[in-house]
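# Descriptive analysis of the structure
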Amino acid sequence: MKSPPPSLESRFLRACARRDVDAVPVWFMRQAGRYLPGYRALRTRHSILDIAKTPELACEATLEPIRKFALDAAIIFADILLPLEAMGLRLSFVPAPRIERPIRRPSDLKRLASRPAGESLAFVGEAIRLARRELDGKVPLIGFAGAPFTLASYMIEGGPSRDFLLTKAFLRENPGAWTNLMERIVRVTLSYLRMQAASGAQAIQIFDSWAGALSPEDYRAGVLPATKRLFSGLKGLGVPLIYFGSGASGFLEDFASAGAGVIGIDWRIDIGEAFRRLPGKAVQGNLDPALLLAPRPVLKKAALRILRQASGRRGFIFNLGHGILPQTPPDNVRALAEWVHQYGRQGSGGGG
Ligand code: CP3
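Residues numbered from 1 in each chain as written. Predicted model: local features only at pLDDT ≥ 70, side-chain atom pairs only at ≥ 80, totals over all residues. Heavy atoms only, no water.

### Some words on the overall build of the protein chain
Within the protein chain, the regular secondary structure consists of 15 helices and 9 strands. Rg of the C-alpha trace for the protein chain: 19 Å, near the compact-globule value of 20 Å for 352 residues, within the 12% margin. In terms of principal-axis extent, the alpha carbons of the protein chain reach across some 55 × 45 × 45 Å. For the protein chain, with 352 residues in total, the buried portion stands at 58%. A separation threshold of at least 6 residues defines the contact pool for the protein chain, and within that pool the share at least 24 residues apart is 74%. Here the protein chain displays about 14500 Å² of accessible surface, and carbon together with sulfur accounts for 51% of that area. With 48 positive and 31 negative side-chain charges, the protein chain shows a spacing of 1 Å between the two charge centroids. (Helix = DSSP H or I, 4+ residues; strand = E, 2+ residues; numbered from the N terminus. Rg over C-alpha atoms; globule rule 2.2 N^0.38 Å. Buried < 20%, exposed > 50% of the residue type's maximum accessible area, 1.4 Å probe, protein only. Contact = heavy atoms within 4.5 Å. Areas by Shrake-Rupley, 256 points an atom, 1.4 Å probe, with all protein chains shown as cover. Lys, Arg positive; Asp, Glu negative; His and termini not counted. Charge placed at Lys NZ, Arg CZ, Asp CG, Glu CD.)

Right under this line is the structure:
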């Protein structure tokens, strides 16, 4: 793909590349979701899987926050768990995700399909094409997938988990089968994301939402090698790569060594410290999503604190430290995006 002239390039993509921006770019993880009236109305008629698998509906869900708020990027409506179906597992949302017959012992790996996921998930590619057409260059569109560890945790636990006991036991007691599982996830995810990029995704985010459940040593030994292979396979796509993790600040340098140019952090670390520990990286984050439920002055003060710590840094993308909560008042989302643009003007010198 030809790159657009700099004047037309979005501030989100420029910040990913650590280039100067006219204002700090902002988008929110889970910006298309249940806090929005249009999405809730859609959900009274369709299940989340129906929305994700019907390109027109997925496109509509993707665009609702872009129409309402001054956001600098759209993220395609899908779910990190969709590739599990392509791998042969049965998935439902009740509303929490549930995986039938999870992977509990090494012999269960035999049940996993090894066909490339790009084809069976073609509906995501079609949604991306539709959304790109509708966005018409207004803001870039982000594609995404789950990280190997976070996906493996759902495949093993069978749903959300607090302690990840089964996942940790699998990793420690069956290192060979664990490596095999990680490699299979990497293969499927690569084919899925190549398809997303070919369909028009202009950046890719990898969600490692539960990486913070691990000790630094378990992360380095059991997760980092496969995650590095994933990112090295994505490099050739020529789009910015974002690696988001929650609870990963105890091993932030290892996390960042996986290979993404943009590191997404949660609120458990000051963003100024994250910038200091991540030389050469762009940083995305990191407002506690609970603050979007706080009184306006409290929200504003917290947002300004982040902007101040990141001011003068190249490669800052304002986001939350995790997904928007369903109870969030949409007007607070509107106000927050406007404050980021208003107060997050960066000098063209931008250090860091
Ligand atoms: O960001 C966006 O707006 C794009 C859409 C998106 C969804 N899921 C739609 C969704 C994205 C990027 C995701 C990622 C995702 N899915 C993650 C990583 C981000 C994170 O929050 O950590 C994870 C862990 C999942 C798995 C998942 N999907 C869970 C645990 C749940 C249930 C919990 C919940 O939030 O309700 C889902 C369901 C889901 N995926 C919803 C949406 C809008 C809400 C369900 C509904 O509409 O009923």
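### Some words on helix α15 (residues 330–343)
The first and last C-alpha atoms of α15 sit 20 Å apart over 14 residues, in line with the 20 Å expected at 1.5 Å per residue. Buried residues of α15: N332, V333, A335, L336, A337, W339, V340 and H341, and no others. The elements touched by buried residues of α15 are α1 (11–16), β8 (282–287), α14 (296–310) and β9 (316–320). (Expected span 1.5 Å × (residues − 1).)

### Looking at the pattern of salt bridges
Inspection of every chain in the model, using the stated rule, returns 19 salt bridges. Across the pair D108 and R105 runs a salt bridge, and its minimum N-O distance is 3.9 Å. Among the residues examined, D108 registers a relative accessible area of 9% and is labelled buried. Overall, the relative accessible area of 48% leaves R105 in the partly exposed class. Salt bridges linked by common partners bring R11, D22 and D72 together as one network. (Salt bridge = Lys/Arg side-chain N within 4 Å of Asp/Glu carboxyl O.)

### Concerning the packing of α14 against α15
Two numbers describe how α14 lies on α15: the axes approach to 10 Å, and their chain directions differ by 35°. Here α14 runs over α15; the crossing is right-handed. Facing R296, L299, K300, A303, L304 and L307 of α14, the residues of α15 in contact are D331, N332, A335, L336, W339, V340 and Y343. When the residues that make up the contact of α14 with α15 are grouped by side-chain class, the tally is 9 nonpolar, 1 polar and 3 charged. (Axes fitted to C-alpha atoms, helices over the stretch in contact; angles between N-to-C directions. Left-handed = near helix turned anticlockwise from the far one by under 90°. Nonpolar A, V, L, I, M, F, W, Y, C, P; charged D, E, K, R; others polar.)

### Some remarks on the packing of helix α9 (residues 165–173) against helix α10 (residues 175–199)
Running from N to C, α9 and α10 point in directions that differ by 115°, and their axes come no closer than 5 Å. Our classification of the angle between α9 and α10 gives roughly perpendicular. Between α9 and α10, the contacting residues are T167, F170, L171, R172 and E173 on the first element and P175, A177 and W178 on the second. Of the residues in the contact of α9 with α10, the class split is 5 nonpolar, 1 polar and 2 charged. (Parallel < 35°, antiparallel > 145°, perpendicular 65-115°, else oblique.)

### Section: the side chain of K168
Within the secondary structure, K168 is located in helix α9. Despite its burial, K168 pairs with no opposite charge; the closest candidate is D218, at 6.6 Å N-O. A polar side-chain atom of K168 sits 3.0 Å from the main-chain carbonyl oxygen of A213. Look past the residues within four positions of K168 in its chain and what remains in contact with it is D163 and A213. (Polar contact = N/O pair within 3.5 Å; in protein donor to acceptor, adjacent residues only side chain to side chain.)

### Things to note about the site of the ligand
Near the ligand you find 23 residues, and of these R34, Y39, R43, S209 and H322 are the closest. Residue Y39 places a side-chain N or O atom 2.5 Å away from an oxygen atom belonging to the ligand. The separation between a nitrogen atom of the ligand and a polar side-chain atom of D79 is 2.7 Å. Calculation on the ligand without its partners gives an accessible area of 860 Å², and the protein chains cover 91% of this total. Partitioned by chemical class, the residues of the shell around the ligand number 15 nonpolar, 4 polar and 4 charged. (Near = heavy atom within 4 Å.)

### What to know about the side chain of D108
On the secondary structure map, D108 appears in the loop between β3 (97–99) and α6 (117–120). At a separation of 2.7 Å, a polar atom in the side chain of D108 contacts the main-chain amide nitrogen of R104. If we skip the residues at most four places from it in the chain, D108 touches P102 and I103.

### Side note on the confidence of the model for the protein chain
Scored by pLDDT, the protein chain has a mean of 95; 96% of the residues are at 70 or more. Of the regions scoring below 50 in pLDDT, residues 347–352 engages in 11 contacts with residues more than four places distant in sequence or in other chains. (pLDDT = per-residue confidence, 0-100.)

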